[in-house]
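# A structural walkthrough
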Amino acid sequence: MATPVKVYGPPLSTAVSRVLVCLLEKDVPFQLVPVSMAKMEHKKPDYIKMQPFGQVPAFQDDDITLFESRAICRYIAEKYPNKGTMSLFGTNPLVKASMDQWLEAESQSFIPPSSVLAFQIVFAPRMKLKQDEALIKQNEAKLVKVLDVYENRLGSSQYLAGDEFTLADLSHLPNTQFLVEKTNRAELFTSRKNVSRWWSEISTRPAWKKVVEMQNA
Amino acid sequence: MVVKVYGPAYASPKRVLLCLVEKEIEFETVPVDLLAGENLTPDFLKLQPFGSLPVIQDGDYTLFESRAIIRYYAEKYKSQGTDLLGKTIEDQGLVNQWLEVEAHNYHPPLNNLVLHIMFNGHFGIVRNEQVIKESEEKLGKVLDVYEDRLSKSKYLAGDFFSLADLSHLPFTNYLVGPVGKGYMIKERKHVSAWWDDISTRPSWLKVLEICK
């Protein structure tokens, strides 16, 4: 039996949790190796050897060391095509292209404003940093525009890429979880009928619920 | 019926054009004037709901996001033209890794430099020297990682030119050109050699010619 794959990083990190939920969806056994960012372990030489940008997560299996959460998810989906949720990577080339399109939209349009909001609203107070109200306002306005596009898309499509749950939907789980559960901005999502329906469906999947447990542990 | 690529004058669509040339796929270009707001018309938003470039039409099929488009064509035509994906699952893993690095680490600071230096006064951008300074510092740190990587590997993902290298061409072309910070590339021996190699590929020279 092959050794379990290793994921390095704290489960609370959005990028780390993206990889964890993918592994759980695909039924791929893994070992989570803690990395304390408070102790700057992600900037130490041993870690930098795996991830030269000093970011989390890093990933290892018998054949490779990889970084970048979405690249790791793709690798897992390609290496284990017949395990777990098989629709994750798209069941045909056109669905896969649609998945890629919405995964890129997530990276380019959803992540920047949602990350700023999550940081400013959830993390800045915890780190005793002053919140930047102008930045919050600006990024909320950007996120609203993106969610309007999603609202429209999800009115004619069950999931972002099509009829089935794919990596494109999965990738949204970490940041949305923060915004819906840990801030008072949940209504950005819950006030939009189709987005709200989609969020209920994807966030109650057993794999994601397990990751949330790991985050709260 | 040939693939239509919207917005050839701009950088992101050039990722697509370059991929299509490498894969020997015929295409047409459709101009879109961002400064005149042609990306915000209802007709355009039907194609690309975020109002960004590029978008492609291949018969009835529409696809947006340049990195999604290049993945689609690189896979669909895997056995034709240059193999941009890598032969093994592990090679493909590395291509995807460095393509993500380009999207998340390289592109954002470089895009800030492009917007503030080249597009000052447009799209609501007001040139901000602090943003320029911080973006140059961030980009420099990323290039230091590239310098180390390219001292051990001819191209980013390995010994083969891939989507990961390709994705860097259009905006790096701005960096060494109108942005005026070519020294960031030239001062780094291995990055410089890599840039000299990829920027003189006949396919890239062809894209620049088409888009003149």
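Residues numbered from 1 in each chain as written. Chains lettered and ligands numbered in written order. Predicted model: local features only at pLDDT ≥ 70, side-chain atom pairs only at ≥ 80, totals over all residues. Heavy atoms only, no water.

## Re the overall build of chain B
The line we're drawing: A run of H or I in DSSP becomes a helix once it reaches four residues, and a run of E becomes a strand once it reaches two; helices and strands are each numbered from the N terminus. Restricting the calculation to C-alpha atoms gives the radius of gyration, and the globule rule supplies 2.2 Å times the number of residues raised to the power 0.38. Only protein chains enter the accessibility calculation, which uses a 1.4 Å probe; a residue is then buried when its area is under 20% of its type maximum, exposed when over 50%, and partly exposed in between. Two residues form a contact once any of their heavy atoms are found within 4.5 Å. Accessible surface is estimated by sampling points in the Shrake-Rupley manner with a 1.4 Å probe; for residues, cover comes only from the protein chains shown.
A tally of helices and strands in chain B yields ten helices and four strands. When the helices and strands of chain B are read in sequence order from the N terminus, they spell out β-α-β-α-β-β-α-α-α-α-α-α-α-α. Against the 2.2 N^0.38 benchmark of 17 Å for 212 residues, chain B shows a C-alpha radius of gyration of 17 Å, consistent with a compact globule. Within chain B, buried positions represent 56% of all 212 residues. In chain B, 64% of the contacts between residues at least 6 apart in sequence involve partners at least 24 apart. Approximately 9,200 Å² of chain B is accessible, and the part contributed by carbon and sulfur atoms is 52%.

## Concerning the overall build of chain A
In terms of regular secondary structure, chain A is built from ten helices and four strands. Starting at the N terminus and walking to the C terminus, you meet the elements of chain A as β-α-β-α-β-β-α-α-α-α-α-α-α-α. Here the C-alpha atoms of chain A give a radius of gyration of 17 Å, agreeing with the 17 Å that 2.2 N^0.38 yields for 217 residues. Projecting the C-alpha coordinates of chain A onto the three principal axes gives extents of approximately 45 × 45 × 30 Å. Pairs at least 24 apart in sequence give 65% of the contacts found in chain A among residues at least 6 apart. Carbon and sulfur atoms make up 55% of the accessible area of chain A, which totals about 9,600 Å².

## Some details on the interface of chain B and chain A
Under the convention used in this document: Two parts placed together each lose some accessible area; with a 1.4 Å probe, that loss summed over both constitutes the buried area. One side-chain nitrogen of Lys or Arg within 4 Å of one carboxyl oxygen of Asp or Glu is enough to make a salt bridge. For the purposes of these results, a polar contact is taken to be a pair of N or O atoms within 3.5 Å, where, inside protein, one atom must be able to donate a hydrogen and its partner to accept one; residues adjacent in sequence count only when each atom of the pair is a side-chain atom. Any residue that is not Ala, Val, Leu, Ile, Met, Phe, Trp, Tyr, Cys, Pro, Asp, Glu, Lys or Arg is counted as polar, Gly included; the first ten are nonpolar and the last four charged.
Each partner contributes residues to the interface: chain B has 29 residues there, and chain A has 31 residues. Buried surface at the junction of chain B and chain A, summed over both partners, amounts to about 2,600 Å²; 64% is from carbon and sulfur atoms. Its largest share of buried area at the contact with chain A, chain B owes to Phe50(B), Glu90(B) and Gln97(B), together 21% of the area lost on that side. Residue Arg71(B) is joined to Glu104(A) by a salt bridge in which the shortest nitrogen-to-oxygen separation is 3.2 Å. Taken together, the links from chain B to chain A amount to eight residue pairs in polar contact (both at pLDDT 80 or more). When residues of the side of chain B that touches chain A are assigned to their parent elements, the largest contribution, 14 residues, is made by helix α4 (residues 89-118) of chain B. Its residues assigned to classes, the side of chain B that touches chain A comprises 15 nonpolar, eight polar and six charged.

## Quick word on a nonpolar patch on the surface
To be explicit about the condition: For patch detection, residues must exceed 30% relative accessible area and be free of salt bridges, and they are connected within 9 Å for like charges or within 5 Å for nonpolar side chains (Val, Leu, Ile, Met, Phe, Trp, Tyr).
A contiguous nonpolar patch, built from Phe119(A), Met127(A) and Leu129(A) and spanning about 270 Å² of accessible area, is present on the exposed surface. Mapping Leu129(A) onto the fold places it in the loop between α4 (93-126) and α5 (133-156).

## Focus: the sheet that holds strand β3 (residues 58-60) of chain A
All names here are of chain A. Which entries qualify depends on this criterion: Strand pairing requires that DSSP identify at least two bridges connecting the strands. Helix axes use the C-alpha atoms of the stretch in contact, all axes being lines fitted to C-alpha atoms, and the angles between their N-to-C directions lie in the range 0 to 180 degrees.
Taken in spatial order, the four strands of this open sheet run β2-β1-β3-β4, and their pairing is mixed. The sheet is open, and its two borders are formed by β2 (30-33) and β4 (65-67), each paired with just one other strand. Pairwise comparison of adjacent strand axes, ignoring direction, gives a mean angle of 20 degrees for this sheet. Bridging between β3 and β4 involves three bridges; their strand directions are antiparallel.

## Regarding the packing of α4(A) against α5(A)
Each pair of packed helices can be described by the angle between their axes along with the distance between the axes. Residue and element names in this part refer to chain A. Selection criterion: Roughly parallel here means an angle under 35 degrees, roughly antiparallel means over 145, roughly perpendicular means 65 to 115, and every remaining angle is called oblique. Crossing handedness is defined as follows: a turn of the near helix away from the far one that is anticlockwise and smaller than a right angle gives a left-handed crossing, while the clockwise case is right-handed.
It is at 9 Å that the axes of α4 and α5 come closest, and there the two elements cross at 150 degrees. In terms of orientation, α4 lies roughly antiparallel with respect to α5. Crossing of α4 against α5: the hand is left-handed. Looking at the contact of α4 with α5, its residues break down into 15 nonpolar, five polar and four charged.

## Section: the packing of aromatic side chains
Heads up, the rule is: A pair of Phe, Tyr and Trp rings is counted when the ring centres sit within 6.5 Å of each other, with Trp represented by its six-membered ring. The angle between the planes then sorts it: under 30 degrees is stacked, over 60 is edge-to-face, the rest tilted. Charges are assigned to positions over rings by a cutoff of 6 Å between ring centre and Lys NZ or Arg CZ, combined with an angular limit of 35 degrees from the ring normal.
For the structure on display, the rule yields 23 aromatic pairs over all chains. Look at Phe59(A) and Tyr75(A): their rings are 5.9 Å apart centre to centre, the planes differ by 70 degrees, and that puts the pair in the edge-to-face class. Taken together, the positions of Phe59(A) in strand β3 and Tyr75(A) in helix α3 (residues 69-79) put the pair 16 residues apart, joining distant regions of the chain. Classification of Phe59(A) by relative accessible area gives buried; the value is 0%. Between Phe110(A) and Phe189(A) the ring centres are 6.5 Å apart and the planes differ by 75 degrees, which places this aromatic pair in the edge-to-face class. In this pair, Phe110(A) is assigned in helix α4 and Phe189(A) in helix α8 (residues 187-190), connecting sequence segments 79 residues apart. Taking relative accessible area as the criterion, Phe110(A) reaches 0% and is therefore assigned buried. An aromatic cluster is defined as three or more aromatic residues linked by ring pairs; in this entry it consists of Trp102(A), Phe110(A), Tyr150(A), Phe189(A), Trp198(A), Phe50(B) and Phe64(B). Seen from the ring of Phe165(A), Arg205(A) lies directly overhead, with NZ or CZ sitting 3.8 Å from the centre.

## Regarding the pattern of salt bridges
All names here are of chain A. Throughout the structure, instances matching the rule amount to 28 salt bridges over all chains. Between Arg 205 and Glu 25 there is a salt bridge, and its shortest N-O distance comes to 2.8 Å. Pair noted here: Arg 205 is in the loop between α9 (193-203) and α10 (206-216) and Glu 25 is in helix α1 (residues 14-25), with a separation of 180 residues, a long-range link. Taken as a pair, Arg 205 and Glu 25 share a single burial class, namely buried.

## Some remarks on the nonpolar core
Applicable threshold: Here, the term nonpolar core denotes a set of buried Ala, Val, Leu, Ile, Met, Phe, Trp, Tyr and Cys residues that are joined through side-chain atoms within 4.5 Å.
Counting 135 residues, the largest nonpolar core has Trp102(A), Tyr150(A), Tyr73(B), Tyr106(B), Tyr146(B), Leu163(B) and Leu175(B) as its most contacted members. A per-element tally of this core places α4(A) first, with ten residues. Every residue in contact with Tyr150(A), bar those within four places of it in the chain, is listed here: Trp102(A), Ala105(A), Glu106(A), Phe110(A), Leu160(A), His172(A), Val195(A) and Phe50(B).

## Let's talk about the sheet that holds strand β4 (residues 61-64) of chain B
Residues and elements named next belong to chain B. Strand order in the open sheet formed by four strands is β2-β1-β3-β4, with mixed pairing between adjacent strands. Both edges of this open sheet fall to β2 (27-30) and β4, since each of them pairs with a single strand only. For this sheet the average axis-to-axis angle between neighbouring strands, irrespective of direction, equals 20 degrees. Relative to β2, strand β1 (residues 3-6) runs parallel, the two being bridged by four bridges.

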